[in-house]
Amino acid sequence: MEYFRKYLGAPQEGGQPSGAETVERLVDRVQSSTLLDDRRDAVRALKAMSKKFRLEVGTQGMDILTKTLETDRGDAEITGYALDALCNILSNEPLDDDEEEMQENVPDDLGNQFTEIFIKKTENVPTLLSLLEEYDFHIRWPTVRLLTILLTNKGKDLQEIILVSPMGVSKLMDLLSDSREIIRNDALLLLIQLTKNNANLQKIVAFENAFERLFDVIAEEGDSDGGIVVEDCLILLLNLLKNNASNQNFFRESSFIQRLSPFFNLKSDQQASQPGWSAQKVTNIHKMLQLVRTLVSPNSPQQQMSACQRSMFQCGLLQQLCTILMASGVPADVLTETINTVAEVIRGNPQNQEYFASVMAPSNPPRPAIVVLLMSMVNEKQPFTLRCAVLYCFQSFLYRNEIGQSQIVQTLLPTSSDANTISAGQLLCGGLFSSDCLSNWFAAVALLHAIMENPTQKEQLLRVQLATSLGSPPVSLLQQCCNILSQEDAMYADGGKIQTRVGLLMLMCGWMSSCPIVVAHFLTNTANIPFLITQVSASESDENETLVQGLCSFLLGICVLDNDDQNETFNRASLRQIIEKRIGLESFSDKLTQIPKNESYTKAAKKPNFTYKHPSEVVFDFEFTRIFKSLEFDILNTVSPNANAAEQKQKIANLQEHEKVVNQYKELIQEQDTQLKSVTQEVEQLRYQNSTSTAQLSELREQVQQLKDQNALLKAQKGSQGASSDTKKDDNLRNLQEELEKLKLNVTDKDTAIEKLKGELTVSEAKVLAYQTAGEEDKENNPSEVAVLQATVNRIKCDLQEAQHAVSERDAEVSRLTTLHNEAQKQIEYLNQTKNEASSHAAGGDEGALQEEVQKLSSEKSALQERLTKANEENLKLIDKVNKAQEETKKVAKEKSEVADELDNLKKEQEDLLVLLADQDTKIDTYKTRLKNLGEQVEEDDDDDLGDDDDLDEDDD
């Protein structure tokens with residue numbers, strides 16, 4: 001309260017002033033005070049009140065605080081107070097109890113409202129971005145916090161502003177190189193907010209070397225064993241890569257996939273010494289696995305996904321993931337995510353699938369990793385998400401992998417292998433006929449993928465014989481599936497059995513589709529068709545029964561579609577008649593079309609990986625939905641080949657055509673969007689180049705106008721020469737003298753510029769020499785600064801040589817014009833002498849000789865004018881050269897300022913070295929003084945140089 005007492009004075013008779021009155025007085029003090037100390041104290045008081053009185057400070061003082069950032073930027077303390085106050089005003093963070101009581105009537109979105117007001121002034125955000133250039137902690141850190149708050153409140157608006165700000169993203173990226181961890185960590189949070197759902201900013205951040213810097217930070221923090229900073233880096237990486245094909249290509253082409261491998265190096269000795277994984281390490285591993293899955297997502301373009309899969313195999317990342325897969329002590333959620341990641345790394349890639357088939361679990365005896373995973377899948381005691389992950393991994397292993405499908409089906413056939421060895425086929429059969437409905441569904445879907453789009457393996461699967469009980473003959477796997485479906489307890493049990501029935505029906509539909517041999521085998525049992533007819537013709541009771549009836553309709557339609565007409569009882573024509581009489585074509589079509597309308601079907605058809613959270617959500621499989629889509633129309637057309645079917649065909653054809661057109665337009669829109677983004681970036685670059693060119697053009701126009709004025713002046717002087725020959729000679733002489741004076745002045749200016757360049761060169765060489773004498777250790781730590789300084793010195797030398805060359809050319813031009821001047825002076829003296837002689841012979845002089853002399857002088861005058869014109873042209877060329885030299889000098893000065901900034905930063909980081917150098921200079925001065933006192937001669941080069949400079953100044957005067 002000392003600040004309040006200082007500015008408010010004694011309270012009024014009514015008591016203490018209110019918060020609004022206090023804020024008003026403080027704001028008035030900031031506006032009216034002329035002393036910086038008074039303004040600083042007033043801003044400090046506003047900062048202290050900005051939490052409890054957000055509304056008052058925001059409405060009355062936000063503009064003043066923003067203006068303070070511009071007017072008092074040179075004072076770090078007052079700038080920091082203003083930034084902290086703005087952070088408190090714009091933030092929506094929860095308040096303490098006391099603060100909430102003070103702000104009972106304040107709206108919840110007050111920070112959003114103030115943010116909207118703040119960003120409406122176009123200069124505010126660029127001001128904040130410019131403050132990031134300040135190295136002072138009390139300015140840079142609150143600026144980062146304030147930008148993060150603005151992005152949190154109004155993300156899209158701030159993204160657009162920063163996107164069009166020159167070097168805005170570069171300034172934010174430079175924060176990651178800050179040696180102070182708190183600024184670097186808050187910069188990560190700022191960039192996370194900045195890159196959310198904005199592909200353009202994601203690309204710019206990625207091309208600002210973000211990947212390299214983030215991986216360096218992750219390595220410094222300890223990779224997977226790091227803290228929350230590693231998690232923030234991974235979140236930012238996910239923002240840059242997710243749904244951004246351009247950044248994914250850049251990530252892969254820049255060999256950053258290889259840098260993912262060290263993250264998954266789990267040392268066995270450390271794991272043995274630790275009782276378990278920390279929560280932060282589990283989170284870090286999860287984020288990194290999500291990063292890998294982003295690169296190989298099935299939703300990505302096929303070519304890009306395959307390239308990433310190849311890179312992951314070549315760099316050993318797949319091997320490391322498989323090691324984690326078979327390791328002991330891995331948390332269940334990490335293991336689940338690892339299985340999903342391995343699934344997407346091997347999906348559709350023959351090389352990766354072959355390697356995965358060769359992975360062995362470290363058990364006794366060793367077992368294939370596929371068998372160990374299937375054991376977990378059919379075990380009802382395992383977590384549900386883990387079982388779903390195993391099924392997805394098994395599906396990805398079999399996806400477009402005929403060799404893998406053959407290997408799985410072979411384990412179902414009778415072999416002479418060891419009876420004690422558990423095979424994948426045994427596990428799948430055990431799960432298929434287990435009492436657990438989820439195991440039934442998982443095993444049925446796994447078998448479906450083992451024969452998907454592979455007629456050979458569908459026929460091989462018919463050879464599988466099962467022994468149902470002792471003394472009973474074996475039955476085929478297909479007939480056993482039909483028997484389970486027809487059992488009364490499976491049909492009318494509780495709702496959980498729906499997964500058993502749906503799983504078996506999906507298996508049978510996929511097995512029989514496009515394979516007449518399997519259909520014929522199914523029709524040999526005369527009880528199968530009546531069972532399907534009974535199921536389809538039954539009245540609907542609930543949603544589950546509707547699904548079963550729809551799947552039975554689909555299976556019955558496959559029997560008609562792929563019927564080879566070898567079975568006389570159930571050939572294609574007889575089946576049509578049975579459907580028409582017993583079910584009805586309309587009822588059959590309605591029940592078949594109910595399947596795509598189901599919510600579970602729609603969810604399963606979106607993507608191949610499982611997103612189920614609860615066992616009750618498990619109904620359909622992604623690959624089955626593809627089969628259904630491809631056969632639905634053909635079945636309807638085959639079962640009811642009439643006008644209605646033709647109309648249905650036309651409708652479906654129209655829908656398919658419409659869908660194709662829509663997909664084409666979607667692709668076209670995506671391409672146009674990509675082109676539009678690239679064109680937008682090019683337009684921005686062209687605008688910047690246009691503005692630069694416009695400025696240069698205006699300068700050139702000014703120079704051209706000056707030259708035109710000079711030319712007009714010369715023409716006027718030339719026209720005035722017709723008055724008299726003497727006047728012309730005098731004017732020409734005067735013009736030559738003026739040109740000589742101008743050239744002398746230009747030479748003097750150029751000499752001055754050369755002296756300045758020499759001085760800058762001397763200073764730079766001295767800095768290089770001082771830095772080189774600083775010690776070999778500092779050179780090794782900062783080699784880039786030495787290289788920059790040396791390059792600058794070399795550049796200044798080159799510019800100095802060019803300037804000296806230009807001066808030598810100017811000196812030659814001056815000497816030539818001086819010669820012309822002397823010749824003209826002699827011509828004038830000769831003319832005066834001739835005039836005197838003519839006047840002495842006024843009575844009887846020879847007028848003819850005088851006329852010849854006048855003509856001779858006229859010809860000499862015209863020749864002199866031509867020389868003068870050429871001299872002007874050469875002078876203009878020389879002016880252009882001088883202008884170019886001045887532009888180069890400006891560039892050198894700019895680069896010099898950049899070098900000076902770098903040297904300043906180096907000085908701040910090497911204060912100890914500067915102290916030692918200062919002590920050394922002091923000792924040198926002391927030794928010089930002692931030598932003078934002892935009578936020794938000491939060379940004073942600096943004094944001599946100063947004396948020379950004084951002499952030059954006197955000459956200039």
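Residues numbered from 1 in each chain as written. Predicted model: local features only at pLDDT ≥ 70, side-chain atom pairs only at ≥ 80, totals over all residues. Heavy atoms only, no water.

Novice: Could you give me a rundown of the packing of aromatic side chains, with the residues and numbers involved?
Specialist: For the structure on display, the rule yields 21 aromatic pairs. With a centroid separation of 5.5 Å and an interplanar angle of 15°, the aromatic rings of F137 and W141 are classed as stacked. Taken together, the positions of F137 and W141, both in helix α9 (residues 137–153) and four residues apart, correspond to about one turn of that helix. Residue classification places W141 among the partly exposed positions, given a relative accessible area of 23%. One aromatic cluster is present, formed by F207, F211, F215, F250, F251 and F256 through successive ring pairs. For R145, the ring lying beneath its charged end belongs to W141, and the centroid distance is 5.1 Å. (Phe/Tyr/Trp six-rings, centres within 6.5 Å; stacked < 30°, edge-to-face > 60°. Helix = DSSP H or I, 4+ residues; strand = E, 2+ residues; numbered from the N terminus. Buried < 20%, exposed > 50% of the residue type's maximum accessible area, 1.4 Å probe, protein only. Lys NZ or Arg CZ within 6 Å of the ring centre and 35° of its normal.)

Novice: Just give me the short version of the packing of helix α5 (residues 76–90) against α9, but keep the residues and values in it.
Specialist: One way to put it is that α5 packs onto α9 with a least axis distance of 9 Å and a crossing angle of 20°. The orientation of α5 relative to α9 falls into the category roughly parallel. Regarding α5 and α9, the two cross each other, and that crossing is left-handed. Of the residues in α9, those touching α5 at A76, T79, G80, L83, D84, L86, C87 and L90 are H138, I139, P142, T143, R145, L146, I149, L150 and N153. Taken together, the residues of the contact of α5 with α9 break down into ten nonpolar, five polar and two charged. (Axes fitted to C-alpha atoms, helices over the stretch in contact; angles between N-to-C directions. Parallel < 35°, antiparallel > 145°, perpendicular 65-115°, else oblique. Left-handed = near helix turned anticlockwise from the far one by under 90°. Contact = heavy atoms within 4.5 Å. Nonpolar A, V, L, I, M, F, W, Y, C, P; charged D, E, K, R; others polar.)

Novice: Can you break down the side chain of N401 residue by residue, with the values?
Specialist: Inspection of the secondary structure puts N401 in the loop between α24 (384–398) and α25 (402–410). With relative accessibility at 12%, the residue N401 sits in the buried group. Among the polar contacts listed, one links the side chain of N401 to the backbone oxygen of F397, at a separation of 2.9 Å. (Polar contact = N/O pair within 3.5 Å; in protein donor to acceptor, adjacent residues only side chain to side chain.)

Novice: Describe the pattern of salt bridges, with residues and values.
Specialist: Within the structure shown, the criterion is met by 27 salt bridges. Put simply, R626 and E453 hold a salt bridge, and the shortest N to O gap is 3.9 Å. One end of the pair, R626, is in helix α38 (residues 622–639); the other, E453, is in the loop between α27 (437–450) and α28 (455–461), with 173 residues separating them in the sequence. By relative accessible area, which is 38% here, R626 ends up partly exposed. Salt bridges here are not isolated pairs; linked through shared partners, they connect D37, R40, D41, R44, D75 and E77. (Salt bridge = Lys/Arg side-chain N within 4 Å of Asp/Glu carboxyl O.)

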